[in-house]
Structure formats: structure tokens, C-alpha cells
Amino acid sequence: MAVTLIRAAILYITVIFLIRLMGKRQIGELQPSELVVTILVSEIASIPMQDNSIPILNSVVALFALVAFEILSSAISMKSPKMRAYMQGHPVIVIRNGIIDYKALKKLRMTVSDLISALRQKDVFDISQISYAIFETNGQISVLLKPENRNSTAADVNVYPKDKGMPFAVICDGEIIEDMVKESGYDISKIRKFVLSSKIPTEKILVMSVDSDGIAYIAGKDENS
């Protein structure tokens, strides 16, 4: 039992490290080659956990080799458009100037129902509102609405509000996140001053974010905070 637990822990740590090495894409954003490697990594990692007679080193070497191939192919794809096209494919326009391209759908082996379902996931329920729709190489659909159906922006009415920058969550669950403090442009002493002004102890803060103007949002762990 102890041997099994140790082998599982080694493989778990190895797989986590390798997935981190591959990048931070979500499963739905993986390119075909990345998805294949992810599936193979899970399969190879599961074999030695089921059979203690298999040397764990063999699996670890295979896992590193797979990820090395993926990183190498990604590097080559960045330099070679032909390699990138072979590994990832090309985006396909399925709605052009408001008209569904049936040939493009047939090329993707998709039905109109599949297209409508994908559009609903983008909160678009009326095809007549769409100017362009494109299936990206990762399987996601991008939608460009017709001008009259797009949301208005401040620039449309000649309003230009001050940009406060992106708020950074500098405290989460009572802990100061030093990386986020650095990104925010403040230092730890300044964050502590913000905490004092809020009259909530650091350990009782659920989340606090700051922007260029100071505190953007703060919430305590207690309902009365």
C-alpha cells in the first residue's frame, strides 16, 4: 500500500509539473496537438499506478519525452507557418456577411443545429444579427455582430472615463499575495495602511483588490464586515 501511495504521489507531482510546463490553456482552448498530449499524459501516468510491477522511471521518462515533443513542435510552429497550419489548422468562416456558408459547415462536418448551439453559448440567439462567425482552430466560435446589434461603448457617445487600470487582488482569504502587490504598483506597507483604514484585520479579509486610485473592493469573511 505504501509503495502504491508513493508511486501515485510521484506521478501526481510529475504530471502537475508537466502540465504547468505546457502552459495555462483551458481544456476547451487546447489545440489538437496539445489535447493529444494531455490525453496521452493521463494514460501513461495511470498505467504504473495500476500495476506496481512496471518501473515508474519508464513512465516518467515517457511523460517528459511527450511534453518535450509538444514544446519542440510549438517552438517550430512559431517559426514556421506551414508547420503551424499542419499542427493547428486554419480558422473557418461559417457566416460571412450575415449568410451561412453551408460548404464551410460541411467541411467541418457540422450541422446547422450544431452552429446554432455554438452561437447560443455566445449569447447570440438570432442569426440575422450576425455579420461574421468564425470557428477557431481550438474549436471555439468567434462572433462579430452587425453594427446595429453591437453594444454601445462610451466612445460612441463621446464619453472618455478615466482608466483606473486593472484591479489586483492583493489579499485573498486573509493572506497578502506578494506577487499581486508588486503587479499593483504598491508595496506591502501601503497595503497594510489600506487594511488599517478599512478597520478589518488582515486575517478576516476574504478579498481586497486595489487599483490606481487605491481600494477598489474589500470584503470581510464575516457577514457583518
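Residues numbered from 1 in each chain as written. Predicted model: local features only at pLDDT ≥ 70, side-chain atom pairs only at ≥ 80, totals over all residues. Heavy atoms only, no water.

Chemist: Break down the nonpolar core for me, with residues and values.
Modeler: Counting residues in hydrophobic clusters, the biggest one holds 14 residues, and the most contacted among them are V94, I95, L115, L119, A133, F135 and I141. Breaking this core down by element, the ones donating at least two residues are β1 (92-96), α5 (102-107), α6 (112-120) and β3 (130-135). Look past the residues within four positions of V94 in its chain and what remains in contact with it is I99, I100, D101, A104, L105, L108, L115, A133 and F135. F168, I176, F194 and M208 belong to the second largest nonpolar core, which has twelve residues in total. (Core = buried A, V, L, I, M, F, W, Y, C linked by side-chain atoms within 4.5 Å. Buried < 20%, exposed > 50% of the residue type's maximum accessible area, 1.4 Å probe, protein only. Helix = DSSP H or I, 4+ residues; strand = E, 2+ residues; numbered from the N terminus. Contact = heavy atoms within 4.5 Å.)

Chemist: Tell me about the pairing of strand β8 (residues 214-220), and please be specific about residues and values.
Modeler: Bridge count for strand β7 (residues 205-211) against β8 is six bridges, and the pairing is antiparallel. Counted as the bridge partner of S209 is Y217 from β8. Counted along the chain from β7 to the antiparallel partner β8, the turn is two residues long. (Pairing = 2+ DSSP bridges.)

Chemist: Please give an account of the sheet that holds β8 that cites residues and values.
Modeler: With antiparallel pairing, the four strands of this open sheet are ordered in space as β6-β5-β7-β8. With one partner strand each, in any of the chains shown, β6 (175-176) and β8 form the two edges of the open sheet. Set on the sheet, helix α8 (residues 188-198) makes contact with β5 (168-172), β6, β7 and β8; between it and β7 the angle comes to about 120°. (Axes fitted to C-alpha atoms, helices over the stretch in contact; angles between N-to-C directions.)

Chemist: Tell me about the environment of Y12, residues and numbers included.
Modeler: The residue Y12 is located in helix α1 (residues 2-22) in this model. Residues Y12 and D179 lie 167 residues apart in sequence; the distance between their C-alpha atoms is 26 Å.

Chemist: Report on the pattern of salt bridges, specifying residues and quantitative values.
Modeler: For the structure on display, the rule yields two salt bridges. One salt bridge in this structure joins K162 and D213, with 3.2 Å as the shortest N-O distance. Within this pair, whereas K162 is found in the loop between β4 (141-145) and β5, its partner D213 is found in the loop between β7 and β8, the two being separated by 51 residues in sequence. Look at D213 and you get partly exposed, because its relative accessible area is 46%. A salt bridge links K221 to D173, with the nearest nitrogen and oxygen atoms 3.3 Å apart. (Salt bridge = Lys/Arg side-chain N within 4 Å of Asp/Glu carboxyl O.)

Chemist: Break down α6 for me, citing the residues and quoting the values.
Modeler: Those residues of α6 that sit buried are L115, A118 and L119. Down the axis of α6, the buried side of the element spans an arc of 100°, and every buried residue falls inside it. Each element contacted by the buried residues of α6 is listed here: β1, β2 (99-100), α5, β3 and β4. (Arc of directions from axis to C-beta.)

Chemist: Can you tell me about the sheet that holds β2, naming the residues and giving the values?
Modeler: Strand order across the open sheet formed by four strands is β2-β1-β3-β4, with antiparallel pairing between neighbours. Across the chains shown, the open sheet's two edge strands, defined by having one partner strand only, are β2 and β4. Bridge count between β3 and β4: five bridges; the pairing is antiparallel. Along β4, the bridge assignment pairs F135 with I141.

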